[in-house]
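A look at the structure
Spelled out from the first residue to the last, the chains are:
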Amino acid sequence: MNHWIIAPILLPSLVAAVIILTARYQIELQRVMSLAATFALLGITTGLLVYSASGVIDVYELGNWPAPFGIVLVLDRLSAIMVTLTALLATVVLLYAIGTGWDRRGHHFHALFQFQLMGIIGAFLTGDAFNLFVFFEVLLIASYGLMIHGGGASRLRAGVQYVMYNLLGSTLFLFALGTIYGATGTLNMADLALRVAELPAEDTAMIRVAAVLLLLVFALKAALIPLHFWLPATYAEAPAPIAALFAVMTKIGAYAIIRVYTLVFGPEVEATAGIVGPWLMPAAIVTLAIGMLGVLGARQFGRLAAFSAIGSMGTLLIAIALFTPQATSAALYYLIHSTLAGAALFLIVDMVRARRMGEDDIIAPRPVIAQNGLIASLYFATAIAVAGMPPLSGFVGKLLVLDATRGHDQAWLIWGAILIMSLVAIVGFARAGSLIFWKVEEPDTRLAAQQTAPAALPFVATGGLIATIVVMTVFAGPVTAFLDATSAQIFDTQAYISAVLETPRAIEAQSLPLDYPSTPKEPQQ
Amino acid sequence: MEYLLASAIGVMSAAGIYLLLRMRTFPVILGISMLTYAVNLFLFASGRIAINLPPVLLNETPTYADPLPQALVLTAIVISFGMTAVVVLLALGAFLSSRNDEVSLTPTDPQAPATEPAAGEGRK
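Scoring rules and cut-offs
Residues numbered from 1 in each chain as written. Chains lettered and ligands numbered in written order. Predicted model: local features only at pLDDT ≥ 70, side-chain atom pairs only at ≥ 80, totals over all residues. Helix = DSSP H or I, 4+ residues; strand = E, 2+ residues; numbered from the N terminus. Buried ≥ 20, exposed ≤ 12 C-beta atoms within 10 Å, placed from the backbone. Contact = placed C-beta atoms within 7 Å. Pairing = 2+ DSSP bridges. Nonpolar A, V, L, I, M, F, W, Y, C, P; charged D, E, K, R; others polar. Expected span 1.5 Å × (residues − 1). pLDDT = per-residue confidence, 0-100. Core = buried A, V, L, I, M, F, W, Y, C linked by C-beta atoms within 7 Å. Bend = angle between axes of the 7 residues up to and from the residue. Axes fitted to C-alpha atoms, helices over the stretch in contact; angles between N-to-C directions. Left-handed = near helix turned anticlockwise from the far one by under 90°.

With that settled, the discussion passes to the overall build of chain A. Looking only at helices and strands, chain A has 21 helices and two strands in total. Structurally, chain A occupies a C-alpha span of about 90 × 60 × 40 Å along its principal axes. Looking at chain A residue by residue over its 525 residues, the buried ones come to 58%. Long-range pairs, those at least 24 residues apart, make up 80% of the contacts in chain A with a sequence separation of at least 6.

Below is the structure:
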């Protein structure tokens, strides 16, 4: 048992508590602790990623209780990638929030931020369906606080909507878990995979209902049409660094779909075959279309970024909906890319907002903002990445997705949707960029008088995100090789199941003598 | 017993969904609470309905009441309780700062409700 697996969950939760208890009113101390913890987190998760690269699936049994009786954390390549991505994004976002002073605009930013990280990382690491629910709630309750950080009527109202949507999602999640438990008698994912595969054919109605309910929950998180309504207002109204961090929140839905619908309700499981992919695909295509049309039609810069997040989820879910190793590998590449690019876009939106009079973000000519050229070039690079044009990683990602869909019956539809919507996105980004950065009015003297030297940290943060995108493009070969190995591991469900259920302690537990009555009735139905 | 439990879950879910579809935040919060009550009962039932049985497997009784759903329900109750408190506070904050407790975000004139103090007072 490798104790480092639980470190990325423990570290943020402890630091958050320490921040609240000892540094409640000292923002500088909070910043130091939060930054140190996040850098340490990045170090730990990178170490876990390197460790998982050997292909080992490592299981951490909480309280030494073996699965399926106890809750386990599972580290495989997929969860290591997601955890490292989260830590990387968190580092950048934290630098940006400190550099712009966003963390001063309300209370407890850093504590909530660390709790948020704890929830996200826990959701990626857990190997238990109910524990996944608990970590979802941890990350959600922190996100409620972060979403309304800084206050303001419109943000609060968007926050109410966001919270209500997610409470509904949590309720659905519980209904799904209850149904799963009722049908199989377990909630450990590896054990579930075994039991679902063994269910007799005439007894699968319940588990099919549960599979669809669970898909609804994850689709809500992933902002799949028609469950995306919470996203545009939330992302546009949330503080920009938080919106950037939320770029990884929609990916949790995508991650959960990959995890559950390959491992538990996999493509070869008879009971649930053909109920997920055929529904997910058209919904993903419509999501892509709505997202990119939203980019074209957005009146505000923040909305544009939010709709581009929906559009990229569409592309991602198209790749996921195929449920083949090649497509999943493409999906993972696109997932990493779209998280980084989407976050960069939100940070740039905030840079524009902060430099305008009245902090509006309407896509219309305004007096030229400070550092117009620099921000415009950052926007240019990010828009190229998000729209999926060469030479950045968005292009590579889309190419991989297109390549993976070649054998599909509806390949022409998928190709058409992705290519046409890329064009729509390009037009949308070009329109917004030229209205905001080119078609500017004369500098406003009132605004110029207010200008102080710009903080370097926000540019470092945004530049860091774009640099990571460039690195992903330059090293696309090694990255895709690693992701191919990851998706091979995802589809090798036997390895996962035996890693979780055949730990030394689990084998020991199975060999324990049980003092059952001689002829017991079935203890569980 | 099954019919009683099933119909209770069903009625509460129906009431919850009806209230969820209302325009104002308060009924929606009530609806969410209703739904969480329904799901708590539902989780209980997922361990099968067992009456007067020990929660552990004993040698003298051939069957037992599944303790796991009870633990799940406890977690769910705590979480939904906390979440409801958060959403109530949030909705109150949103109402007090915008004088408007509609759930939808249609851009309304923020000054408009302030001109109708009677409506605002009526809600207090």
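The helix and strand tally for chain B stands at four helices and zero strands. Ordered by position in the sequence, the α and β elements of chain B form the string α-α-α-α. Residues counted as buried form 29% of the 124 residues belonging to chain B. Here the analysis covers contacts within chain B between residues at least 6 apart in sequence; of these, 48% occur between residues at least 24 apart.

Moving on: the pairing of strand β2 (residues 72-75) of chain A. Residue and element names in this part refer to chain A. Burial along β2 is two-sided: the face carrying Val-72 and Val-74 and the face carrying Leu-73 and Leu-75 are both buried. Both strand β1 (residues 58-61) and β2 contribute to a ladder of four bridges, which runs antiparallel. When the bridges of β2 are listed, Tyr-60 appears paired with Leu-73.

This part is about the interface of chain A and chain B. Counting residues at the interface gives 32 residues for chain A and 35 residues for chain B. Among the secondary structure elements, those contributing two or more residues to the side of chain A that touches chain B are α5 (129-147) and α6 (153-184) of chain A. Class assignment for the residues of the side of chain A that touches chain B results in 20 nonpolar, eight polar and four charged.

This part covers helix α19 (residues 476-491) of chain A. Side chains of residues three or four places apart in an α-helix project in the same direction, reflecting 3.6 residues per turn. Given a rise of 1.5 Å per residue, 16 residues ought to cover 22 Å, and the 22 Å separating the end C-alpha atoms of α19 of chain A matches this to within 8%. Of the surrounding elements, those touching the buried residues of α19 of chain A are α3 (77-100), α10 (240-263), α13 (325-355) and α18 (456-474) of chain A.

Note that predicted coordinates carrying low pLDDT should not be read in detail. All names here are of chain B. With 85% of its residues at a pLDDT of 70 or more, chain B shows a mean pLDDT of 80. In the model of chain B, helix α4 (residues 117-123) stands out as the element of lowest mean pLDDT, 38, in contrast to helix α1 (residues 2-20), which has the highest, 92. Across residues 109-124, where pLDDT falls below 50, the model places eight contacts with residues more than four positions away in sequence or in other chains. Taken over the whole predicted complex, pTM reads 0.90, whereas the ipTM for its chain interfaces reads 0.84.

Okay, the nonpolar core next. All names here are of chain A. Formed by 232 residues in total, the largest nonpolar core has its most connected members in Leu-317 and Ala-319. Per element, the largest residue contribution to this core is 19 residues, and it comes from α13. Apart from residues no more than four positions distant in its own chain, Ala-319 is found in contact with Ala-327, Ala-330, Ala-331, Tyr-334, Val-401 and Ala-404.

Take α10 of chain A next. All names here are of chain A. With 24 residues, α10 should cover 34 Å at 1.5 Å per step; its first-to-last C-alpha distance of 35 Å lies within 8% of that length. Roughly 25 degrees is the biggest bend found in α10, and it falls at Phe-246. Of all 24 residues making up α10, 24 are buried, and the element is well covered by its neighbours.

For Leu-216 of chain A, the position within the fold is in helix α8 (residues 205-221). Apart from the residues within four sequence positions on either side, Leu-216 of chain A is in contact with Leu-172 and Leu-227 of chain A.

Moving on to the packing of helix α14 (residues 372-387) of chain A against α18 of chain A. All names here are of chain A. Across the interface, α14 lies against α18 with an axial gap of 11 Å and an inter-helix angle of 40 degrees. Note on packing geometry: the crossing formed by α14 with α18 is left-handed. Residues Leu-378, Ala-381, Thr-382 and Ala-385 of α14 form the contact with α18, whose own contacting residues are Thr-462, Ile-466 and Ile-469. Of the residues contributing to the contact of α14 with α18, the split by class is five nonpolar, two polar and no charged.

Looking at chain A as a whole, the pLDDT averages 87, with 95% of positions reaching at least 70. The low-confidence segment residues 517-521 of chain A, where pLDDT is below 50, has five contacts with residues more than four positions distant or belonging to other chains.

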